Amino acid sequence: MNRETEGTLLAFVVLILLGLEPVVIKANPVNPLAFASLSAIIASLILWPIVLLRGQAREVLERPGELKKTFLTGLFATAIAYSLFSYGTRLSSAVNSAIITRFEVFYSFLISWLLLRERISGRAVLSALTLIAGVFLVVTQGKRPELLKGDVLLLLTPLFWQLGHAVAKKTNYSPLTIAALRNTFGGLLLLVPAVIMGFAFTRFALTEGIIIALTQGLWYLAIARINLSKATAILTPAPALTVLISTAVLGETVTVYHLSGLALITLGTLTISREESGVRE
C-alpha cells in the first residue's frame, strides 16, 4: 500500500471518529473550558506512553527548537479553537455549528496554497463545494438556518484549526509526538481558566480524551502522507455522518434531504479521495 492510499484511509477513519464525537460533547455536564482542558490532558496521558515506548521522545531532546512549533499548534488548534468552538456552539445552535465549521475546507485550501504551496486542482474545489452542499442538505433539512450570536466565533474556529495543522505539517517531529505535545500544551493553557470556572472530572471527558488521542494521532499520520487540503476535504462530511447515525440510532424518519445530501457527500468524498497530493512548482 503506497503513502497516498495509507493517508487517504487514515483520513476516512478520522472522519468516522469525528462523526461520533458530537454525541459525547453534547452529553458533557461541566463547563466547556473544563471539559476541553481535561479531555486534552487525558489525550496527552494516553499518547505519551506510546511515544515513549516507540522511542520517539528522544526527538524532542535532539530537536528542541521544534517545541516552539508544537506550542503554536497547541495554542491555535486546541486552546483557542476549542474555546471558540465550545462558546460559539453554546451561543449559536448545533445546526449552525455543524455547517459553519465545515467551512474549514476553504480555510484549508487557502492556507495550504499560500503557506504550504500545495497544489489545489479545480476538481478539488468543485468536490469541496459538493461536500458542503451535501452537508447543508442533511443538517438543515432544506430549512434556512437562523444567524445567531455565536456564529462569528464558529466561523473563526476552523481558521485556528487549520493554522495549527499547517504548523504541525512543518514540524520535524513524528505525528504521535506532535499530537502528544499539542494536547499537553493546549490542555495546560486552558487549565487555569478551567479551574477558575469550575474543574470537574467526568466519564465524558475521559471518553473524549480517548477520541482526541485516536483522531489526532491518526490525523497527523494522515497529513504526513497526503496534502492537508485533501485530508481536510475528506473530513467535511463529519456532521452529516453525525445526523445520519443519530437518525439510525433513534429511529427517526429518513427524508429526501438525507438521501440527496448523502448522494452529494458520497460523490464529493469519492472524487476528492482520488486527488493526488503534490506541491505547486
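Look up a bit, the structure's there.
All values reported here derive from a predicted model rather than from experimental measurement. (Residues numbered from 1 in each chain as written. Predicted model: local features only at pLDDT ≥ 70, side-chain atom pairs only at ≥ 80, totals over all residues. Heavy atoms only, no water.)

A closer look at the environment of Arg-102
Of note, Arg-102 is situated in the loop between helix H5 (94-101) and helix H6 (104-114). Separated by 135 residues in the primary sequence, Arg-102 and Pro-237 have C-alpha atoms spaced 8.2 Å apart. Discounting chain neighbours no more than four positions away, the residues touching Arg-102 are Ile-132, Val-135, Trp-161, Leu-235, Thr-236 and Pro-239. (Helix = DSSP H or I, 4+ residues; strand = E, 2+ residues; numbered from the N terminus. Contact = heavy atoms within 4.5 Å.)

A closer look at the pattern of salt bridges
Evaluated as defined, the whole model comprises six salt bridges. For Arg-63, the salt bridge is made with Glu-62, and the minimal N-O distance between the two is 3.8 Å. Take Arg-63: its relative accessible area is 27%, and that puts it in the partly exposed class. Two residues, Glu-66 and Lys-69, come together in a salt bridge whose shortest N-O distance is 3.4 Å. Residues joined in a network through salt bridges with shared partners are Arg-58, Glu-59, Glu-62 and Arg-63. (Salt bridge = Lys/Arg side-chain N within 4 Å of Asp/Glu carboxyl O. Buried < 20%, exposed > 50% of the residue type's maximum accessible area, 1.4 Å probe, protein only.)

Quick look at the packing of helix H2 (residues 32-53) against helix H4 (residues 67-91)
One way to put it is that H2 packs onto H4 with a least axis distance of 9 Å and a crossing angle of 145°. You can see that H2 and H4 cross each other, and the crossing is right-handed. Between H2 and H4, the contacting residues are Pro-32, Leu-33, Ala-36 and Ala-40 on the first element and Thr-78, Tyr-82, Ser-83, Ser-86, Tyr-87 and Arg-90 on the second. Residues of the contact of H2 with H4, tallied by class, amount to six nonpolar, three polar and one charged. (Axes fitted to C-alpha atoms, helices over the stretch in contact; angles between N-to-C directions. Left-handed = near helix turned anticlockwise from the far one by under 90°. Nonpolar A, V, L, I, M, F, W, Y, C, P; charged D, E, K, R; others polar.)

Comments concerning the packing of aromatic side chains
Each pair of aromatic rings is reported with the distance of its centres and the angle of its planes. Summed over the entire model, instances satisfying the criterion amount to three aromatic pairs. Residues Phe-85 and Trp-161 carry aromatic rings whose centres are separated by 5.7 Å and whose planes lie at 55° to one another, so their mutual orientation is tilted. On the criterion of sequence distance, the pair formed by Phe-85 in helix H4 and Trp-161 in helix H8 (residues 151-169) is long-range, its members being 76 residues apart. A relative accessible area of 16% means that Trp-161 is categorised as buried. (Phe/Tyr/Trp six-rings, centres within 6.5 Å; stacked < 30°, edge-to-face > 60°.)

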